[in-house]
Amino acid sequence: PLLVEQRQGWRKLTLNRPQKLNAFDAALHATLCDALEDAGRDPACRAVLLSGAGRGFCAGQDLAEPGLTGQEADLGAVLDRGWNRLVRTIRDLPKPVVCAVHGVAAGAGASIAFACDITLAAEDARFAQAFIRIGLIPDSGATWTLTHLAGPARARALAMLGDPISGSEAAAMGLVWRAVPSDAVMGEAEKLCDRLARLPAGALAATKRALAAAESNGFDAQLALEAQMQRELGRSADYAEGVAAFQQKRAARFEGA
Ligand code: LHQ
């Protein structure tokens, strides 16, 4: 259900259930989480690109999986085992995760795109908080990401109405980094990964951690965290190389893991 390609310094993971618009079943969850953890451990992988095969990014939960409705259904367990584990893995991965969204990103499919570090969307992509249409709330972190990325007023209308918005609108609302023409989205996402793979990996990992901490820390706690991280990075080979390259007016070559 997942295509894995190693590129120069980064890895491309493609959701591959196109006949179901890449809706997730348990097998796709397990495979993707393993692939992300593997990417996290591999020093040859310095960034991850997540995208979808076929005409859309992801339609969220595979609603045809057994056990999802009725009194015996336990959607909380489905979230804990599958979706919550996935968005935590993305957010905890000490490497940037780039997401390329084309076509539809519905329900938890949109939630994943909002959980990635840098998300590019096709201008004509469709993001839909499909949950309310089937009697559920936004999940896989979306009540949190919608509020933090787009602000409470937009979060409330998006979540309650469930109307789809375009990639351009999602970018204007701050839900994704940028919207680009649909024939350019994959090329631009790949270029971003090429760039990220050449940046100092330790500083990228620390940046990701510091920005995540900023979502709950106060200003003073954040100053202390920055000082602690900068103390460590200040002793790294990548920092020495960055300063030397600047002084020698040449491009830096970062090799730290
Ligand atoms: C699908 C799906 C799908 C299965 C398209 N499942 N087959 C977490 C925990 C536990 C439980 C519940 O949920 C969650 C989180 C969630 O993600 S809830 C939200 C689940 N997703 C949705 O409600 C979206 C359902 N899909 C749609 O509304 C439409 O398919 C969208 C708007 C995404 C796309 O519409 P179209 O472009 O018109 O495509 P389509 O509807 O024709 O879909 C193509 C095929 O994909 C079709 O199969 P078929 O055999 O008829 O060609 C769909 O049945 C299948 N598909 N989404 N989530």
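Residues numbered from 1 in each chain as written. Predicted model: local features only at pLDDT ≥ 70, side-chain atom pairs only at ≥ 80, totals over all residues.

## A few points about the sheet that holds strand β6 (residues 118-122)
Strand pairing in a sheet is mediated by backbone hydrogen bonds. Such pairs are either parallel or antiparallel.
Then, number 1: Taken in spatial order, the six strands line up as β1-β2-β3-β4-β6-β9 in an open sheet, and their pairing is mixed. Strands with a single pairing partner mark the edges of an open sheet, and in this sheet they are β1 (2-6) and β9 (178-180). Averaged over all pairs of adjacent strands, the angle between their axes in this sheet comes to 20°, without regard to strand direction.
Then, number 2: In the sheet, strand β3 (residues 48-52) pairs with strand β4 (residues 97-101) via three bridges, with the strands oriented parallel. (Pairing = 2+ DSSP bridges. Helix = DSSP H or I, 4+ residues; strand = E, 2+ residues; numbered from the N terminus. Axes fitted to C-alpha atoms, helices over the stretch in contact; angles between N-to-C directions.)

## Some thoughts on the pairing of strand β2 (residues 11-15)
Then, number 1: Of all five residues making up β2, four are buried, and the element is well covered by its neighbours.
Then, number 2: Relative to β2, β1 is paired through five bridges, and the arrangement is antiparallel. Bridge assignment links V4 to a residue of β2, and that residue is L13.
Then, number 3: The sheet contact formed by β2 and β3 spans five bridges and is parallel. Directly across from R11, in β3, lies its bridge partner V48.
Then, number 4: A crossover connection joins β2 to the parallel β3 through helix α1 (residues 26-41); in handedness this β-α-β unit is right-handed. (Buried ≥ 20, exposed ≤ 12 C-beta atoms within 10 Å, placed from the backbone. Right-handed = clockwise from strand over helix to strand, strands pointing away.)

## Details of the packing of helix α3 (residues 108-115) against helix α4 (residues 142-150)
Then, number 1: Contact geometry for α3 and α4: axes closest at 9 Å, N-to-C directions at 50°. Between α3 and α4, the angle is such that the two are oblique. As α3 runs across α4, the sense of the crossing is left-handed. Mapping the contact onto sequence places A110, S111, F114 and A115 in α3 and A142, T145 and L149 in α4. (Parallel < 35°, antiparallel > 145°, perpendicular 65-115°, else oblique. Left-handed = near helix turned anticlockwise from the far one by under 90°. Contact = placed C-beta atoms within 7 Å.)

## A short note on the nonpolar core
Then, number 1: Residues V48, V98, A105, A113 and A121 are the most contacted members of the largest nonpolar core, which totals 64 residues.
Then, number 2: Sequence-distant contacts of A113, that is, excluding residues within four places in its chain, are made with F57, C99, V101, A105, T119 and V176. (Core = buried A, V, L, I, M, F, W, Y, C linked by C-beta atoms within 7 Å.)

## Examining the site of the ligand
Then, number 1: Taken together, 23 residues are adjacent to the ligand, and A59, G60, Q61, G107 and A108 come closest.
Then, number 2: For the shell around the ligand, the elements supplying multiple residues, two or more each, are α2 (75-92) and β5 (104-106).
Then, number 3: Looking at the shell around the ligand, the element that brings in the most residues is α2, giving four residues.
Then, number 4: Partitioning the shell around the ligand into residue classes produces 17 nonpolar, three polar and three charged. (Near = placed C-beta within 6 Å. Nonpolar A, V, L, I, M, F, W, Y, C, P; charged D, E, K, R; others polar.)

## Some details on α3
Then, number 1: Along α3, eight of the eight residues are buried, which leaves the element largely enclosed by surrounding structure.
Then, number 2: For α3, the set of buried residues is A108, G109, A110, S111, I112, A113, F114 and A115.
Then, number 3: Residues of α3 that are buried sit in contact with α2, β4, β5, β6, β7 (126-128) and α4.

## Let's talk about the packing of α2 against α3
Then, number 1: Here α2 crosses α3 at 15°, and the two axes come no closer than 9 Å. Considered as vectors, α2 and α3 are oriented roughly parallel to each other. Classified by chirality, the crossing of α3 by α2 is right-handed. Along its contact with α2, which presents W83, L86, V87, I90 and R91, the element α3 presents A108, S111, I112 and A115.
Then, number 2: Of the residues that constitute the contact of α2 with α3, the class distribution is seven nonpolar, one polar and one charged.

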